[in-house]
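In case you want the letters, here they are:
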Amino acid sequence: MTKEIEKKWQKRWDDAKLFQSDPNEKEKLFITVAYPYPSGAMHIGHGRTYTVPDVYARYKRMQGYNVLFPMGWHVTGAPVIGIASRIRDKDPWTLELYEKVHKVPKEELPKLIDPEYIVKYFSTEYHNVMSDMGYSIDWRREFRTTDPSYKKFVEWQLKQLKAQDLVKKGNHPVKYCPGCGNPIGDHDLLEGEGATINELTLLKFEIDGKYLVPATFRPETIYGATNLWMNPDVSYIEVEKGGDIKEKEGMKEDKNIEKEGDMEGDREIWIISEKSYNNLSNQFKDLKKLGNINPKELIGRFVKNPVTNTLHPILPASFVDPEYGSGEVFSVPAHAPADYIALQDLKNNLKLLEEYNLGKIVSKIEALNVVTLKRYSEIPAKDVIEKLQVKSQEDPKLEEATNELYKVEHSKGIISEHIPDCAGERVVDARESIKEKMIGDDLAEVMYDFSAHPVICRCGTHGVVKIMDNQWFLKYSDEDWKVKTRECLAQENIIPPEIRSNFDYYIGWLEDWACSRRIGLGTKLPWDSQWLIEPLTDSTIYMAYYTIAKYIKTMDPDILDDEFFNKVFLSEINENDSLSDEVKQIKEEFDYWYPLDWRLSAKDLVGNHLSFHMFHHATIFPKNKWPQGMVVFGMGLLEGNKMSSSKGNVILLSQAIEDYGADVVRLFLMSSAEPWQDFDWREKEVIGTKRRLEWFSEFADKIKEIKGANININNIEEVPLEREIDKWMISQLNLRIKDATIALESFQTRKALQDSFFLLKKDIDHYMYRTKHLIETKDSAVIYALSTVLKTWIKILAPFTPHTCEELWNTHGGEGFVIEEQWPIFNEDLIDVKIEKSEEIIQNIVKDIKHINDLTKKDAEKVHVYTAPEWKWKVYELADEIGKPDIGQIIGKSIKTNLNDNKKELSEFAKKITREMTKTKYVGKVDEIAILNNAIEFISEESGAEIIIHEDNSYDPKNKSKHAIPYKPALYIE
RNA sequence: GCGGGGGUGCCCGAGCUGGUCAAAGGGGACAGGCUUAGGACCUGUUGACGCAGGUCUACCAGGGUUCGAAUCCCUGCUCCCGCACCA
């Protein structure tokens, strides 16, 4: 039933072309949300992301804006290539994922061996589910990022950047699988997820004209080296470096290329572990394998320290990992707990000392201090080992000791006085300068390694760090560009505001970005066709493309040259231009919609997509075309756990629509959290949402029942309202409209619904409960109030639950589409705090009577009510004017204005009011007698007692009337 | 480490430009009403104490500012997120 209704309205909107937005005389609003990368089916997390802009778009249309809400598909990139090949290889994990989680039908599955088919299949899936959700998208502008005309657009953009000298050539390390011959991301890994690439410095220790090349994070500790470690049980090899220089050609082409050590060096022979060759050969491409070396022949011999020129012995150590670095370690016992303890172990290992005849050498080794630390001795490694009671090389606490010391030295360490050149410098600074100097003097090289081993590709091969060279980069490090981008940020609205400092941070932090790739779907670099444009780079200013997509999609791509895009996007129209009518129209459309008003996107894209978006707009477009606003989204949880397709912890959006209907899904997603917060899909609460929406649908029937006739919201019979409770209902309605409107203005969908749906529903419940004794009488004021509420309510909820609202609108006499109605405008005059107060007074009296009944364990038969006399109101007003609970002032002024002859009574009450005024806000005098009389039936019914309202205290046996306070009548219960 | 954001009642979560906050709303639990019955709906209870509408203790911990702090300031503890070549 629900489904039919939803389909019906979707078709009617479509037939009426409601969401096809073209330039007109109205004020425009252009909103986009990150276009999806369709490599899988849409789940409820995506549902939230795309519902928010739809709600906002619908809301703004009702406010009279001409809203453009388009959608496209970001299909460029590498992941689908991997997915396709895994499906081709019948990888069981992938097959199960696509069959069970993404629910791809059996007959479609084999077709997913084609990456193009994958994105086609899922972008169609996305399109269909978005339609089922009722999104108000202008589908005429739909496109994929592999469309020929889009490629032309991307090419134009890159050429713009190149012309502005914002593109350069360089090298970059990536995770790489030698087996597949491709770079690999985390999602391509069997093992080693989360491993990062660390930069190490490889130092050259000379022996016989060859080099041992241990790598380190801490080149400054070279001054504290005492020996080298090699693992006698590992195979080592000799490699020739720098013999072949054919790769130097690239440098001639581009003089801007940074000086790279591995290209400069002369021919050298290095000794490294056989296992590290795999990794190093991908970073130094001029590395050539020579012969094997027996480490046992080297142990006991001496190498030369590249900086101090001292000679260090080579010693055996089992802890040396042949896969890490070069499979060699230089030992700094003063500052590395592992080295310190390994040395201790060796000193005590007489057998080993004898085997290599090392006794004399080892006994002479003394730890050398490099770094001074407060509260540590000259040999901090020893301090830490003793503190944590590390027993041996094998002790697991050794790692903890190492981490602790590395951290402290990094953050607090100062280079000791006896170290030449950098004495007194902070460790962080000295580390950089020493590294730079050594590299400059050809005494060191930069190398990369994973933070954790092993890293294994899905194909089973061990991954390596490969230097991709002759890469193209966008110069996000360029200071002028950063300045412009910050300007762009400064003029944007950022929601939530806390994110602004994040953006600022990222703009500063971003360095040059590799914008070219070897594999994936995408556009070729216009000036270097061996490279594809990286998929974040091709999606920075695509919002501009939406504005003209409906025209250029069908145009011959050859026409779409630089001149065309320059005219459309960058030129000012003037009389002399000989633009064709077509180009002119396209340009006018772009100028109408741009700048973009709102860009919505997920939180994790702040550091890349969204920042790039600002970078590119800032440099390509003039200021008046810069984006105006950004809304950043939180994540989705499922029953408290993080949603993840790859772990199977998702509910597909199509499934949710099937189970609950689009409107329930929309309502839940919009009401359970604000867009930037994480929402949690809990089935129990979804069901609760469903019930409440049903209640809303049935509300009209309830009114009909009271009225005993059909309601026609187009023709509500107006009745003047006399009773407070009826005015109260209208007051609440206006209050809820007001709060919801303000909330929606800043995308607070949750607050908007909280006010306009959940709290308003409570108000209605209350009102109907409160007027239940009137309902049988077909009270015309009640019917009027409820009908008015219904009519407004349907409108307010229309952006959230559009199908339900259209249906209700349609079946209760509404004309046309409800989403074409004017958004309700609240009437400030009808929001009356005094009315609210009077209802509070009634509720409090009922509560108090019940409370007293409970305490006295008796049921009241008669309740006498006494209201506060005039002078007490005056005192309250006076206190309110003073504004703070200053008893002296309140009493003083009260006496001065002669409010009561009985000074004692006056001061007693003044004391009371100082306490009261911090609890209850003074909103002006209300006619308590009238209020009470209007509610006397209700109070009597609720309390089960006879209510007697006294205008004076002629009957007051227990002298209770003196307790009466404004807003708080005194009670005497019999 | 760098950067950002948090810690609220059984749970989730609002409030946080200081007083109307014992603290919204939802979920759960309990009681009552409606009803043949109810997981549906409505009403109420859900920190402690109190035989007259009140009092006390409370918003991570400790300190401070203030007539007054969940809300402002300092200190500590603790949790979450991002840190790149990837959408």
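Our subject in this report is the structure included herewith. (Residues numbered from 1 in each chain as written. Chains lettered and ligands numbered in written order. Predicted model: local features only at pLDDT ≥ 70, side-chain atom pairs only at ≥ 80, totals over all residues. Heavy atoms only, no water.)

Observations concerning the overall build of chain A
- A tally of helices and strands in chain A yields 36 helices and 34 strands.
- On C-alpha atoms alone, chain A measures out to a radius of gyration of 38 Å, which is more than a quarter above the 30 Å that the 2.2 N^0.38 rule sets for 974 residues.
- Based on the C-alpha atoms only, the size of chain A along its principal axes is roughly 115 × 80 × 60 Å.
- Surface summary for chain A: the accessible area is close to 43400 Å², and the carbon and sulfur share equals 47%.
- Here chain A contributes 130 positively and 162 negatively charged side chains, and the mean placements of these two sets differ by 3 Å. (Helix = DSSP H or I, 4+ residues; strand = E, 2+ residues; numbered from the N terminus. Rg over C-alpha atoms; globule rule 2.2 N^0.38 Å. Areas by Shrake-Rupley, 256 points an atom, 1.4 Å probe, with all protein chains shown as cover. Lys, Arg positive; Asp, Glu negative; His and termini not counted. Charge placed at Lys NZ, Arg CZ, Asp CG, Glu CD.)

Some thoughts on unusual backbone geometry
- For the peptide bond that leads from Ile-495 to Pro-496, omega is -5°, which places it in the cis range.
- Along the polypeptide, Pro-496 turns up in the loop between strand E22 (493–495) and helix H18 (499–509).
- The omega torsion across Tyr-594 and Pro-595 is 10°, close enough to zero to call that bond cis.
- With respect to the helices and strands, Pro-595 occurs in the loop between helix H21 (581–593) and strand E27 (598–602).
- Unlike most non-glycine residues, Lys-103 shows phi in positive territory, near 55°.
- Mapped onto the fold, Lys-103 is located in the loop between helix H4 (92–101) and helix H5 (115–132).
- The class for Lys-103 is partly exposed, based on a relative accessible area of 48%.
- At Asn-309, a position not held by glycine, the phi torsion is positive, near 65°. (Buried < 20%, exposed > 50% of the residue type's maximum accessible area, 1.4 Å probe, protein only.)

Considering the layout of surface pockets
- Each pocket or cavity is described by its volume, and for the second largest pocket that value is around 1200 Å³.
- Surrounding the second largest pocket, 34 residues form its lining, Phe-217, Tyr-324, Ala-338, Thr-402 and Tyr-406 being those nearest its centre.
- For the lining of the second largest pocket, the elements supplying multiple residues, two or more each, are strand E9 (215–216), strand E16 (328–331), helix H11 (337–348) and helix H15 (397–412).
- Here the lining of the second largest pocket is built from residues that sort into 16 nonpolar, 10 polar and eight charged. (1 Å grid on protein atoms, 1.4 Å probe; cavity = no way out; pocket = protein on both sides within 12 Å on 5 of 7 lines; lining within 4 Å. Points joined across faces, edges and corners; volume = space filled by probe spheres on them. Nonpolar A, V, L, I, M, F, W, Y, C, P; charged D, E, K, R; others polar.)

A few points about helix H20 (residues 562–570)
- Residues of H20 that are buried: Phe-564, Phe-565, Val-568 and Phe-569. Angularly, the buried residues of H20 cover 100° about the axis, an arc narrow enough to put them on a single face.
- Next to the buried residues of H20 lie helix H6 (148–163), helix H19 (542–552) and H21. (Arc of directions from axis to C-beta. Contact = heavy atoms within 4.5 Å.)

Some words on the packing of aromatic side chains
- Summed over all chains, the structure comprises 62 aromatic pairs.
- Plain terms: the ring middles of Tyr-922 and Tyr-967 are 6.2 Å apart, the flat faces sit at 50° to each other, and that makes the pair tilted. One end of the pair, Tyr-922, is in the loop between helix H34 (903–917) and helix H35 (928–934); the other, Tyr-967, is in the loop between strand E33 (946–950) and strand E34 (970–973), with 45 residues separating them in the sequence.
- Judged by relative accessible area, which is 11%, Tyr-922 ranks as buried.
- A residue is classified by how much of its surface remains accessible, and Tyr-967, at 5% relative accessible area, is buried. (Phe/Tyr/Trp six-rings, centres within 6.5 Å; stacked < 30°, edge-to-face > 60°.)

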